[in-house]
Amino acid sequence: MERFVKMLRSKLSHPIIAVDGQAVRASRNSAEHSPYVLNIMDADNELILAQQVIGEKNNEITHATKLISTLDIQGAIVTADALNTQTEFAAKIIAEKADYCLALKANQDLTYEQVRGFFELGTHDYKTARPSVTDQSGKITKRKTRVLPGSLLPKEIRDKWVGLEEGSIVETVTDTVRKSTSEILEPQVRYYISSLRYEAPNVEQVLHRAVRQHWTIENKGHWALDMAFNQDRLQCTNAQYLAGRTLLNKIALNFTTKIQTRLEEATGKAAPSKPIIRARLRKIEDMLAAMNDCIRI
């Protein structure tokens, strides 16, 4: 897969690399366990870089470190949900000369409570990012990010997480209003730890972007695979077939995404949806021409 992706990626100085698992629900076994595929995505280019079939969701913990080591992530910011907020994973990211921004949840350890406490106390000066506002799906959503130095945390926590001593702790708050009723939904508050240096210029904006971009793997990766390639309807019990089929889906998804980018660059307008592009490229000669345009230098 790396050979295909390398031709499509645009080089960025600090790309956001998102790590997350996706269930293939139609392939659940008799015990009602859906097999999971662990995916790694270049969120800026919207391209999936690597995958591994991992069986059950909890297996992400052991496989994420191994899978990230197969990629050149130097200079990147790696994001992951709380399941992959593991000390070994963070240490591997630092060893590969990248940075991490990892989500925290209350059911982990004292790290979550300590981070939340510093933001709730309100006794420290925050670095505050410019809020971002989106207006879509009938809702107006405002996202805010505040950052404090990781050095505030107790020594036993800082010692666990490589890079956190000079890094950052992060709070994000998402406020949402339904446009049709003006109903104000309950704010969503999330916390993160990051190896990004607190003293780095504009660290609050960088972390705001990293948190926001992580959701690309859900919205432009997993959702697109299910909607455009019917991956959630894939039924099979053979792990090798599942791995091969989902890999082919991702190669097709990456090329389709790049075709959309090329069309937007050429026309200045929003590109057709992925299902429409798939329909247009049913003829082999049209498909090859589009692929050739994607990989031109």
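Residues numbered from 1 in each chain as written. Predicted model: local features only at pLDDT ≥ 70, side-chain atom pairs only at ≥ 80, totals over all residues. Heavy atoms only, no water.

Enquirer: Sorry if this is basic, but what is going on with the packing of helix 6 (residues 203–214) against helix 7 (residues 216–229) here?
Expert: Working note: a packed helix pair is described by the angle between its axes plus the distance between those axes. Put simply, helix 6 and helix 7 touch, their axes get as near as 5 Å, and they point 25° apart. Classed by the angle they form, the pair helix 6 and helix 7 counts as roughly parallel. Of helix 7, the residues touching helix 6 (which contributes Arg212, Gln213 and His214) are Thr216, Ile217 and Glu218. Looking at side-chain class alone, the contact of helix 6 with helix 7 contains 1 nonpolar, 3 polar and 2 charged residues. (Axes fitted to C-alpha atoms, helices over the stretch in contact; angles between N-to-C directions. Helix = DSSP H or I, 4+ residues; strand = E, 2+ residues; numbered from the N terminus. Parallel < 35°, antiparallel > 145°, perpendicular 65-115°, else oblique. Contact = heavy atoms within 4.5 Å. Nonpolar A, V, L, I, M, F, W, Y, C, P; charged D, E, K, R; others polar.)

Enquirer: Looking at this structure, how should I read the side chain of Arg158?
Expert: Mapped onto the secondary structure, Arg158 falls in helix 5 (residues 155–160). Residue contacts for Arg158: discarding those within four places in its chain leaves Gly150, Ser151, Leu153 and Glu165.

Enquirer: Sorry if this is basic, but what is going on with the pairing of strand 9 (residues 168–178) here?
Expert: Side chains on a regular strand alternate between the two faces of the sheet. With 8 of 11 residues buried, strand 9 is to be regarded as a mostly interior element. Bridge count between strand 8 (residues 139–149) and strand 9: 11 bridges; the pairing is antiparallel. Bridged to Arg146 within strand 9 is Glu171. In this sheet, strand 10 (residues 188–194) lies alongside strand 9 in antiparallel orientation, the contact comprising 7 bridges. Across the sheet, Glu171 pairs through a bridge with Tyr191, a residue of strand 10. (Buried < 20%, exposed > 50% of the residue type's maximum accessible area, 1.4 Å probe, protein only. Pairing = 2+ DSSP bridges.)

Enquirer: I keep staring at the nonpolar core and nothing clicks. Help me out?
Expert: In globular proteins that are soluble, nonpolar side chains generally tend to be buried together. Counting 36 residues, the largest nonpolar core has Val19, Phe89 and Ile193 as its most contacted members. Examining the composition of this core, we find that 4 residues originate from one element, helix 4 (residues 110–121), more than from any other. Here Ile193 is in contact with Thr85, Tyr100, Cys101, Leu102, Leu104, Thr111, Val115, Trp161, Leu164, Ser168 and Ile169, once residues within four sequence places are set aside. If you look at the next biggest cluster of nonpolar residues, it comprises 16 residues, including Ala43, Val170, Tyr198 and Leu207. (Core = buried A, V, L, I, M, F, W, Y, C linked by side-chain atoms within 4.5 Å.)

Enquirer: Quick question: what am I supposed to make of helix 4 here?
Expert: The α-helix winds at 3.6 residues per turn, so residues separated by three or four positions along the chain end up facing the same way. Its 12 residues give helix 4 an end-to-end C-alpha distance of 16 Å, which sits within 8% of 16 Å, the value for a rise of 1.5 Å per residue. Considered for burial, the residues of helix 4 that qualify are Thr111, Tyr112, Val115, Phe118 and Phe119. One side of helix 4 holds all its buried residues, which, seen down the axis, span an arc of 135°. Facing away from the buried side of helix 4 by over 90 degrees, the exposed positions are Leu110, Glu120 and Leu121. Looking at the buried residues of helix 4, the elements they touch are strand 5 (99–104), strand 8, helix 5, strand 9 and strand 10. Immediately beyond the C-terminal end of helix 4, within one or two residues, lies Gly122, with a positive phi of roughly 70°. (Expected span 1.5 Å × (residues − 1). Arc of directions from axis to C-beta.)

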